[in-house]
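Read off the chains here:
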Amino acid sequence: MLSLPSNTALIIIDVQQGFRDPIWGKRNNPQAETNIATLLASWRSSERPIFHIQHLSLEPQSPLGANTPGSDFQEMVHPKPGEPIIQKHVNSAFIGTDLEAHLRQSNIDTLVIVGLTTDHCVSTTTRMAGNLGFQTYVVADATATFERTGYDGTWYSAEDIHAISLASLHQEFATVVDTLKLLRTDINK
């Protein structure tokens, strides 16, 4: 059985209105936000630390632009008063923010990462978390991404990008788990 410290932090990355914009294309894991909300409710009920990450794009036409409706959090995972919001302008939640300082000051060394998108901000934040020495878990069914066309014109489905992104993180930067396994976790360290 998986065992996590009682102060394991839930890091919710970029679950924002802008990711509902059709500009992104087809997406996988339509249940990702529901799973994130389930994990968030569990973290809140057990009073474990939660950090909400908000991407504020500096690109003028971005659906995630600062001070636009797209930058708002989706309602089902909206932060409650007192839950920290870390705002970022790049893929990693550690670059240009005080996330690491908050975690270190609170003696948090284990992270559970969920959110959008698997191959961009989730992956970049996870890679940095692993490199910074945090014990890191990524919840496969509480992350999602979009289809893409590669540099050579090859189309990649959201499912393929998601699976390959998780495969490249697993056992190198993090342990990939699913929501059910995490909810059955023994949190007693």
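A few points on the structure. These figures come from a predicted structure and were not determined experimentally.

1. A word on the overall build of the protein chain
Of the regular secondary structure elements, the protein chain holds five helices and eight strands. Reading the protein chain from its N terminus to its C terminus gives the helix and strand order β-α-β-β-α-β-α-β-β-β-α-β-α. Rg of the C-alpha trace for the protein chain: 16 Å, near the compact-globule value of 16 Å for 189 residues, within the 12% margin. The burial tally for the protein chain puts 50% of its 189 residues in the buried class. Within the structure as shown, the protein chain displays about 9100 Å² of accessible surface, and the carbon and sulfur contribution to it stands at 51%.

2. Examining the packing of aromatic side chains
Aromatic ring pairs are reported here in terms of the distance separating the ring centres and the angle at which the planes meet. Inspection of every chain in the model, using the stated rule, returns four aromatic pairs. Summarising the aromatic geometry, the rings of Phe 19 and Trp 24 are spaced 4.9 Å apart at their centres and angled 40° between planes, so their arrangement reads as tilted. With a relative accessible area of 8%, Phe 19 lands in the buried category. Ring centres of Phe 19 and Phe 146 lie 6.0 Å apart, and the angle between their planes is 20°; this geometry places the pair in the stacked category. Of this pair, Phe 19 sits in the loop between β1 (9–13) and α1 (32–45) while Phe 146 sits in the loop between β5 (135–144) and β6 (148–149), and the two are 127 residues apart along the sequence. One aromatic cluster is present, formed by Phe 19, Trp 24 and Phe 146 through successive ring pairs. Between the NZ or CZ atom of Arg 48 and the centre of the ring of Trp 43, over which it lies, the distance is 4.0 Å.

3. Details of the sheet that holds strand β4 (residues 110–116)
Strand order in the open sheet made by the six strands is β3-β2-β1-β4-β5-β8, with parallel pairing throughout. Looking along the sheet, the strands with just one partner apiece sit at the ends: β3 (85–88) and β8 (175–177). Between one strand axis and the next, the sheet turns through 25° on average, direction left out of account. When β4 meets β5, the two strands line up parallel, connected through six bridges. Note on β5: the bridge partner recorded for Leu 111 is Thr 136. α1 rests against β1, β2 (50–55), β4 and β5 of the sheet, and its axis sits at about 135° to β5. Relative to β5, helix α4 (residues 158–169) is tilted by about 175°, and along the sheet it contacts β5 and β8.

Basis of the calculations
- Counting restarts for each chain, with residues numbered from 1 along the sequence as it is written.
- For this predicted model, a pLDDT threshold of at least 70 governs which residues receive local features, and a threshold of 80 or more governs which side-chain atom pairs are given and counted, while totals over whole chains, interfaces and linings are taken from all residues.
- Remark: hydrogens and water are excluded; side-chain values derive from all non-hydrogen atoms of the structure.
- Every helix listed is a DSSP run of H or I at least four residues long, and every strand listed is a run of E at least two residues long, numbered separately from the N terminus.
- For the radius of gyration, the atoms used are the C-alpha atoms, and the globule rule reads 2.2 Å times the number of residues raised to 0.38.
- Per-residue accessibility, obtained with a 1.4 Å probe over protein chains only, is compared with the maximum for each type, and a residue is labelled buried under 20%, exposed over 50%, and partly exposed between these values.
- Each accessible area value is a Shrake-Rupley result obtained with a 1.4 Å probe; residue values ignore everything except the protein chains displayed when judging cover.
- Centre distance within 6.5 Å is the pairing criterion for rings of Phe, Tyr and Trp, where only the six-membered ring of Trp is used; planes under 30 degrees apart are then read as stacked, over 60 as edge-to-face, and the remainder as tilted.
- Geometrically, a lysine NZ or arginine CZ counts as sitting over a ring once it is within 6 Å of the ring centre and also within 35 degrees of the ring normal.
- Strands are treated as partners if at least two bridges between them are detected by DSSP.
- Orientation is described by lines fitted to C-alpha atoms, with helices fitted over the stretch in contact, and by angles between N-to-C directions that extend from 0 to 180 degrees.
- We call two residues in contact when some of their heavy atoms are within 4.5 Å.

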